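A look at the structure
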Amino acid sequence: MDNEIILDFEHITKRFPGVVALDDVSFQIRRGEIHGICGENGAGKSTLVKILSGVYPYGTYEGSVTYNGAELNLGQSSIREAAEQGIAIVYQELTLVSTRTVGENVYLGKEPVEHGAINWNKLYADTQAILQKYQLDVNPQDIVSNLGVGKMQMVEIAKALSENAKVLILDEPTSALSKAEVGKLMDILRGLKEHGITCIYISHRLEEFFGITDKVTVMRDGKIITTQPIENVTQNDLVKYMVGREMKERFPQGQRHPGEVIFEVKDLEAVDPNNSSRKVLDGVSFNVRRGEILGIAGLMGSGRTELVLTLFGEYGKVTGGQIRIDGQVVEPKSARQAIDSGLSLVPEDRKKMGLVLIQSILRNISLPNLDQFSEFFRIDANAEMQASLQQAKSLTIKTSSLDVQALTLSGGNQQKVVISKWLLSKPKVLIMDDPTRGIDVGAKFEIYKLMNDLAEKGEAIIMISSDLEEVLGMSDRVMVMCRGHSTITLPVAEASQERVMSLATGVAVA
Amino acid sequence: MNVTTTEVKARSSLTNRFLLSLRRNLQTYTLIIAVVVIWVIFYFLTGGSYLDPQNISNLFRQMSVTSFLSIGMVLVIVTGGIDLSVGKLAGFVSVVCAYLQYFIWFKYFPDQPLLAAALSVICGLLVGTIAGAVQGYFIAFQGLPAFIVTLGGMWLFNGLILWRTAGKTIAAHQAYFSAIAQGYIPPIWGLAIFVVILVLLVWNVFGTRRGKAKYGFSLRPLYLDLLNTGIPAVLVLAYILSVNAYKGIPAPVLLLAVVAMVMIYVSNNTRFGRYAYAIGGNREAARLSGINITSVLFRVFILMGFLCGVAGIVLASYVGYGTIAAGQGYELDAIAACILGGTSPLGGVGTIPGALIGALIIGSLSTGLQMMNVVPAWQYVVKAIILVAAVLLDVYFKKNRG
């Protein structure tokens, strides 16, 4: 084995029920290089990281990983083990205890102990040493919550590096950073390289690879498409590698006849309700017509989910722009107002936001619609059952009875319960945020058919999705979001995967 | 694409449905069995006197105060909250009632005992409701943790009790007022009440069936429906006959039954009740379903305050005076009754009948241990073991069911 190779993936396959997340992945990472990895959401990048970190321990995947000359053999619940062997990971979401100091965070779970008590002097001195060695500009005694996101990221890196790391994996480290902070991060990475640390750098922002990485690997559908020295490729090449596949017959085609515009958003701007200096929406404009599906494409962190929650009155504080439904200007301040003005939202995370899992299907379907079945204060249980049952039947929810708890259903059936619940409220516009996330192929097709039927019947649908193929396969028109603003709305005929991906990654501007 | 669809049915087949309801109500049945076991054990330990009509009558009357609190507490815990102030609030209401009876009313309405009693009741309910509203304001509108707000409430009401009683006992044994908790429904009226209940139950069976038929839902055999209502009817009759052998239904037990029926209805058949369960089950999903969480939480605490008012009035009437120890520890009895009765401390799950049976278990234990002259120290130890063992068993069964 060549000592120059620090990580060697050989024929890695990782299966989940119904999905192959990694499909015969083989590639190598050289000692001391900065290796970029890119790919669409769901391409398999995170699965790869989880194998290295021990979240998926040895034996739960096929193939082998050679790390530093020996086979990586991480046991069950071995996240510590990976760290001890020198594999350090900085996750996309920060994992700091924000109320404690930088030093405490860096040494969390591995505090230096003397006579049963923590040796605080040593802890802070060691933290200081790490921070100095890698030129991280943070004070070990600072409370983490007082730091900016950029500095928190540095603490994450220091924490990851505190055990003599040989490999540092950064999983979309820049998604929450400002431009200046990204620049600073790049400097830190160059510094780490000088110290001989190998970096795996995963990002959606393709331009970041240039000038920092040595090589870049493109993944798609769980496979490695190519690994190239960075100087041999352009951003457009990367985009092509990321999406380059033919459309299969996966999407039902219907006879849609889009009518007049029913929903219109103009120059919408909104800020984070907890941090009014952070703009989450910065100029979003689009419209939807009756009987059409508008697809909204965009990578994670592009503001898609923030957009729909803001439209629904439950997230961003609107600072500018206008929302019109049926010509009427609306300013939803709560979900109730949004529902009353004719919006429905099938949310991104059906378990956390869509369903009361411990309750029955019936109660879930009727929850936002109880006004329909109530006279004075009494709920007419028969009317409730009849309407819910009719909805459940028309969506072919597979269950023995509506009295069954929602948590016992499969993902696809759960999603149908969420859709039933919202169709029963007879919306003018149905917003679906990643409607097929985490459900199997067969159920996906049923959801697509359902959307198609609804559109044919004149329903206006907005579909947000991470799956580009899905957006292009289902939509009449596509709106692309990038960093909080809408770039352009294209008829689907003009929207190639390459074009959409270029817009979404900010490579091209409309 | 191979897409199979199966017909969705409103209700599954009869046997399935029966098994389903059996499984879902397993906890309730287990609790009823627990009550029976406790009664049988004490029956033998006390040489039969435990099940005397007089003792049964007292048992139910004694548990009524904490039962009012448990009914409200179910809804509070179901929404994911807790209320530590209920014991002291009920105690404070009892002191207020006694104080008004003893020091105030005779000055203004010297010869109108009925009016005085009615005013005491109204004031008691008002004090409870307002106190609930104030605490609810801080919890629902200001987003403070219910634990903290109601702990503050507990201290506050304790302080108010000490201030108002000034360490003394205030008598409240005016005839009309005492009748609320010390009175009995004459046996013949008790039987009349049973007849009314029976008629209502049968009417309900047929009304429900007519409603279902109108919507075209399949009906299960009539005898099953009648059997379903027949069992509780028999239990009610047995209870009435038993207490009639003493002096009749204790008035507070009748009041408890009425309040419980209303609250069971509210929790199942109104939007408010449904929203409370949805909020506790998944707050985020409830919010995105357009539920006004603030408003529901606020109303839950107002209702809890009102029920503290009811409990306080019954307490004052029952013991006949307001004391500095009024309501001491009742909040924990109420919480224990809910948890014993299957209310999940995590929220979203819990029933009023369950909590009432929980209260009955605690009451049965206390009465039995007292009758056997077990010293209070060991009474607490036995109750501790029963409480933790019951919840442990429940957790064990839940784990092994899934």
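The residue numbers shown here count from 1 along each chain, following its written sequence. To label them, take the chains in the order written and letter them from A, then take the ligands in the order written and number them from 1. Confidence filtering applies because this is a predicted model: local features only for residues at pLDDT of at least 70, side-chain atom pairs given and counted only at 80 or more, and all residues used for totals across whole chains, interfaces and linings.

1. Thoughts on the overall build of chain A
By definition, any uninterrupted DSSP run of H or I lasting at least four residues is a helix, any uninterrupted run of E lasting at least two residues is a strand, and each is numbered from the N terminus. Tallying secondary structure elements over chain A gives 17 helices and 24 strands in all. Dimensions along the principal axes, computed over C-alpha positions, put chain A at roughly 70 × 50 × 45 Å. C-beta atoms are placed from the backbone for every residue, and two residues are taken to be in contact when these atoms lie within 7 Å. Within chain A, residue pairs in contact and separated by at least 24 positions form 69% of the contacts whose partners lie at least 6 positions apart.

2. Notes on the overall build of chain B
Along chain B, the regular secondary structure elements total 16 helices and 4 strands. When its C-alpha atoms are laid out on the principal axes, chain B stretches across 85 × 55 × 45 Å. To sort residues by exposure, count the other C-beta atoms lying within 10 Å of each residue's C-beta; 20 or more gives buried, 12 or fewer gives exposed, and values between give partly exposed, all with C-beta atoms placed from the backbone. The buried share of chain B, taken over its 402 residues, is 40%. Long-range contacts, defined as pairs at least 24 residues apart, comprise 81% of the intrachain contacts of chain B with a sequence gap of at least 6.

3. Quick look at the interface of chain A and chain B
As a measure of interface size, the accessible area lost when the parts come together is often cited. Contacts between chain A and chain B engage 39 residues on the former and 33 residues on the latter. Elements that contribute at least two residues to the side of chain A that touches chain B include exactly helix 9 (335-340), helix 10 (350-354), strand 20 (378-379), helix 13 (381-394) and helix 15 (441-456) of chain A. Considering every element that reaches the side of chain A that touches chain B, the biggest residue donor is helix 13 of chain A, with 6 residues.

4. Digging into the pairing of strand 12 (residues 223-229) of chain A
Residue and element names in this part refer to chain A. In this structure, strand 11 (residues 215-220) lies alongside strand 12, joined through 6 bridges in antiparallel fashion. Each residue of the ladder has a partner; that of Val-218, found in strand 12, is Thr-226. If DSSP finds at least two bridges between two strands, the strands pair. Linking strand 11 back to strand 12 in an antiparallel pair, the connection comprises 2 residues, with Asp-221 at a positive phi of about 50°.

5. Some details on helix 13 (residues 293-319) of chain B
To estimate how far a helix should extend, the number of its residues minus one is multiplied by 1.5 Å. If you check helix 13 of chain B, its first and last C-alpha atoms are 39 Å apart, about what 27 residues at 1.5 Å a residue would give, namely 39 Å. Of the residues trailing helix 13 of chain B, B:Gly320 is marked for its positive phi of about 85°.

6. A look at the domain arrangement of chain B
All names here are of chain B. For each domain, the first and last residues come from an automatic or database assignment. Segmentation of chain B into domains returns domain 1 (46-183 + 249-371) and domain 2 (187-247). With 5 residues of domain 1 in contact, the opposing surface of domain 2 contributes 7 residues. Looking at which element gives the most residues to the side of domain 1 that touches domain 2, the answer is helix 3 (residues 53-78), with 4 residues. Ten residues, namely Ala, Val, Leu, Ile, Met, Phe, Trp, Tyr, Cys and Pro, are considered nonpolar, four, namely Asp, Glu, Lys and Arg, are considered charged, and the remaining ones, Gly among them, are considered polar. When grouped by side-chain class, the residues that make up the side of domain 1 that touches domain 2 number 3 nonpolar, 2 polar and no charged.

7. Regarding unusual backbone geometry
All names here are of chain A. The phi dihedral of Asp-24 falls on the positive side, at around 55°, and the residue is not glycine. With a phi angle near 50°, Asp-267 is a residue other than glycine that sits in the positive phi range. Positionally, Asp-267 belongs in strand 13 (residues 261-272). Residue class for Asp-267 comes out partly exposed when judged on the 14 C-beta atoms lying within 10 Å of it.

8. Overview of the sheet that holds strand 12 of chain A
All names here are of chain A. Spatially, 6 strands are ordered 6-9-10-3-11-12 in an open sheet, and the strand pairing comes out mixed. Looking at which strands have only one partner, the edges of the open sheet turn out to be strand 6 (87-90) and strand 12. When the angles between neighbouring strand axes are averaged without regard to direction, this sheet yields 20°. For helices, the fitted axis covers only the stretch in contact; all axes are lines through C-alpha atoms, and the angles between them, taken along N-to-C directions, range from 0 to 180 degrees.

9. Comments concerning the sheet that holds strand 24 (residues 485-491) of chain A
Residue and element names in this part refer to chain A. Taking strand neighbours across the sheet as the criterion, the 6 strands line up as 18-21-22-15-23-24 in an open arrangement whose pairing is mixed. This sheet does not close on itself; its edge strands, each paired only once, are strand 18 (343-346) and strand 24. The mean angle between the axes of side-by-side strands here comes to 20°, regardless of whether they run parallel or antiparallel. Direction of pairing for strand 23 (residues 477-482) relative to strand 24: antiparallel, over a ladder of 6 bridges. Bridging from a neighbouring strand, Val-478 pairs with Leu-490 of strand 24. Packing against the sheet, helix 8 (residues 304-311) makes contact with strand 15 (293-297), strand 18, strand 21 (429-433), strand 22 (460-465) and strand 23, and its axis sits at approximately 145° to strand 21.

10. Thoughts on the pairing of strand 15 of chain A
Residues and elements named next belong to chain A. With 5 of 5 residues buried, strand 15 lies mostly within the body of the structure. Of the two faces of strand 15, the one carrying Ile-293, Gly-295 and Ala-297 and the one carrying Leu-294 and Ile-296 are both buried. Pairing of strand 15 with strand 22, which is carried by 5 bridges, proceeds in the parallel orientation. Paired with Ala-297 across the bridge in strand 22 is Ser-465. Pairing analysis gives 4 bridges linking strand 15 to strand 23, with the strands arranged parallel. Within strand 23, the residue paired with Ala-297 across the bridge is Val-480.

11. Describing the packing of helix 14 (residues 330-340) of chain B against helix 15 (residues 352-371) of chain B
Residues and elements named next belong to chain B. Two elements in contact, helix 14 and helix 15, have axes separated by 7 Å at closest approach and are oriented at 120°. In the packing of helix 14 onto helix 15, the handedness of the crossing is right-handed. Residues Asp-333, Ala-336, Ala-337, Cys-338 and Leu-340 of helix 14 pack against Ala-355, Gly-358, Ala-359, Ile-361 and Ile-362 of helix 15. By convention the crossing between two helices is left-handed if the near helix lies anticlockwise of the far one by an angle smaller than a right angle, and right-handed if it lies clockwise.

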